[in-house]
Amino acid sequence: MAFVTHRFIRTISSTTVRNAAIKHVTIIGGGQMGAGIAQVAAATGHSVVLVDTSEEILKKSAKGIEGSLKRIAKKKFADKPEAGEEFIQKVMKNVTTSTDAASVVPGTDLVLEAIVENLKVKQGLFGSLDKVAPEHTIFASNTSSLPITDIASSTARLDRFGGLHFFNPVPLMKLVEVVQTPMTSQTTFDALLDFSKALGKHPVSCKDTPGFIVNRLLVPYMMEAIRLHERGHGSKEDIDVAMKLGAGYPMGPFELLDYVGLDTAKFIIDGWHAMEPENPLFSPSPMLNKLVEEGKFGKKTGEGFYKHK
């Protein structure tokens, strides 16, 4: 979860991998995050296999990656359209797709999961892949809210398991939170840091705590904004304006909630509340719960705290 300002420029590195331990990457999940990670990895010279449950999903993912690359090429090679087309084809050649993760994992250095935020589903995935992945293969999750330790518990490679939390949209956002559990070896952690840098990203080191760094600060901030509004201490419009003009934020908290999805915010806070019910920062919100029950998730449904055309 992240927010974007007009100051971000759509750029991407096309440098090749240099002395990287991780050269072949299998990405599980062809959604927006998985496809974005695949694009960035392929553009930096990594061999990428993008895996999902159907060919239809994967065709849509590949089309999305190609469309994103065309936008990049249009800006990067404005005066050289031939070079732009060569750039696109070079990157796309580094991406293959599959609906059978077990068949491609034996040849990979890193398995990176970007699927639904459901602990049991993630555990089932990694538990099955652990049986067929080579000993050297590192496992990582792109989860934004679930404990990496709990996900890793389904495998026998606790020392070779970490977190790689990318931010949306992946080609634009420079940050990657690299998460080290108490069992993650230093060798594994260093390899994940190096991989992030090879992608042209700026990694930060995180411990396996709820929300890591960004969401651990961001989600309680958004929840406190809702509570402030619930108490009648400020309208959502005034709160948004105050945080933009007073704190310099590109979006107010209610604008941000609508952007990331009210259902996503509720899922995260409910999970944290279950883990730490006495923590007031993790208290649920009746207003948020009601909006989600009504199917008002934000921009993706056309209405959340605000109405969207």
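About the thresholds
Residues numbered from 1 in each chain as written. Predicted model: local features only at pLDDT ≥ 70, side-chain atom pairs only at ≥ 80, totals over all residues. Heavy atoms only, no water. Helix = DSSP H or I, 4+ residues; strand = E, 2+ residues; numbered from the N terminus. Rg over C-alpha atoms; globule rule 2.2 N^0.38 Å. Buried < 20%, exposed > 50% of the residue type's maximum accessible area, 1.4 Å probe, protein only. Contact = heavy atoms within 4.5 Å. Areas by Shrake-Rupley, 256 points an atom, 1.4 Å probe, with all protein chains shown as cover. Lys, Arg positive; Asp, Glu negative; His and termini not counted. Charge placed at Lys NZ, Arg CZ, Asp CG, Glu CD. Expected span 1.5 Å × (residues − 1). Salt bridge = Lys/Arg side-chain N within 4 Å of Asp/Glu carboxyl O.

Side note on the overall build of the chain
When helices and strands are tallied, the chain shows 12 helices and eight strands. The C-alpha atoms of the chain give a radius of gyration of 20 Å, which matches the 19 Å a tight globule of 309 residues would have. For the chain, the spread of C-alpha atoms along the principal axes amounts to about 55 × 50 × 35 Å. Buried positions account for 50% of the 309 residues belonging to the chain. Counting contacts in the chain only where the partners sit at least 6 residues apart, residues at least 24 apart contribute 68% of the total. Taken as a whole, the chain presents about 14,700 Å² of accessible surface, with 56% of it coming from carbon and sulfur. In the chain, 36 positive and 34 negative side-chain charges are present, and the distance between their average locations comes to 6 Å.

Some points on helix α7 (residues 186–198)
Between its terminal C-alpha atoms α7 stretches 18 Å, which fits the 18 Å expected from 13 residues at 1.5 Å a residue. Looking only at α7, the buried set comprises Thr188, Phe189, Ala191, Leu192, Leu193, Phe195 and Ser196. Contact partners of the buried residues in α7: β1 (24–28), β4 (110–113), β5 (138–141), β6 (161–166), β7 (175–180) and β8 (202–207). Gly200 sits one or two positions beyond α7 and adopts a positive phi of about 85°.

Let's talk about the pattern of salt bridges
Taken as a whole and assessed by the stated rule, the structure comprises 13 salt bridges. With a shortest N-O distance of 2.7 Å, Asp270 and Lys266 are connected by a salt bridge. One end of the pair is Asp270 and the other is Lys266, both in helix α11 (residues 262–275) and four residues apart, which spans about a single turn. With a closest N to O distance of 2.4 Å, Glu294 and Lys290 form a salt bridge. Judged by relative accessible area, Glu294 falls into the partly exposed class, the value being 39%. Taken together, the salt bridges that share partners define one network made up of Lys290, Glu294, Lys296 and Glu303.

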